[in-house]
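Report on the structure
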Amino acid sequence: MSRARTPLRLAAAAPGPAFTVTFDGRAIPALPGQTVAAALWSAGVLSWRTTRVGGEPRGVFCGIGVCFDCLVSVNGRPNQRACLLPVEPGDAIRTQEGTGHGDLAH
Ligand code: FES
């Protein structure tokens, strides 16, 4: 199987033990086969981005990769769609502010 982090990997996911990722530095559990968005939801996190204009909170809207409302910074890479990105052990997920370009400095 390809190691590319695409939603196609989720189709072959098998149950397995929980692992840990972080959200803004806080450890949260995740399971094999979850997207980043699913892991955040499971931890009670409903928003992880603020809009460029107005700083309004955003999270999942469409859930299928179309609206880009769920953009998040993962392992220092901004603008990742949380609803499509398979979560991996040790992922450092961060709230994305505005365009996320400021996240490149982290
Ligand atoms: S929720 Fe719409 S692209 Fe992720």
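Source: prediction; values computed, not measured.

**Some details on the nonpolar core**
Among soluble globular proteins, nonpolar side chains are generally buried collectively. Within the largest apolar cluster, 19 residues are counted, with the highest numbers of intra-cluster contacts made by Val36, Leu40, Trp48 and Ile93. Residue assignment for this core shows that the elements contributing at least two residues are strand S1 (19–23), strand S2 (26–30), helix H2 (36–42) and strand S5 (71–74). Counting residues per element, this core draws most heavily on H2, at four residues. Apart from the residues within four sequence positions on either side, Leu40 is in contact with Phe23, Ile28, Val45, Trp48 and Ile93.

**Considerations on the side chain of Asp69**
When you line up the elements, Asp69 lands in the loop between strand S4 (57–58) and S5. Residue classification places Asp69 among the buried residues on the basis of a relative accessible area of 18%. In this structure, Asp69 is in contact with Arg49, Arg58, Gly59 and Phe61, ignoring residues within four places of it in sequence.

**Thoughts on the sheet that holds strand S3 (residues 49–50)**
One open sheet accounts for three strands, arranged S4-S3-S8; its pairing is mixed. Edge positions in the sheet fall to S4 and strand S8 (96–97), since each of these pairs with one other strand and no more. Looking at chain direction, S3 and S4 are connected through two bridges and run antiparallel. Paired with Arg49 across the strands is Arg58, a residue of S4.

**What to know about the sheet that holds S1**
Here five strands make up an open sheet; going across it, the order is S2-S1-S7-S5-S6 and the pairing mixed. Of all strands in the sheet, those bounded by a partner on one side alone are S2 and strand S6 (77–81). Between one strand and the next, the sheet's axes are offset by a mean angle of 40 degrees, whatever the strand orientation. In terms of strand pairing, S5 meets S6 through three bridges, oriented antiparallel. Its bridge partner lying in S6, Leu71 is registered against Arg81.

**Some remarks on the pairing of S2**
Two strands pair when backbone bridges link them, and S1 and S2 are joined in this way by five bridges, in the antiparallel orientation. What sits directly across from Phe23, in S2, is Arg26. Connecting S1 to the antiparallel partner S2 that follows it, the hairpin turn spans two residues, and Asp24 within it adopts a positive phi of roughly 50 degrees.

Conventions adopted
- Residues numbered from 1 in each chain as written.
- Predicted model: local features only at pLDDT ≥ 70, side-chain atom pairs only at ≥ 80, totals over all residues.
- Heavy atoms only, no water.
- Core = buried A, V, L, I, M, F, W, Y, C linked by side-chain atoms within 4.5 Å.
- Buried < 20%, exposed > 50% of the residue type's maximum accessible area, 1.4 Å probe, protein only.
- Helix = DSSP H or I, 4+ residues; strand = E, 2+ residues; numbered from the N terminus.
- Contact = heavy atoms within 4.5 Å.
- Pairing = 2+ DSSP bridges.
- Axes fitted to C-alpha atoms, helices over the stretch in contact; angles between N-to-C directions.

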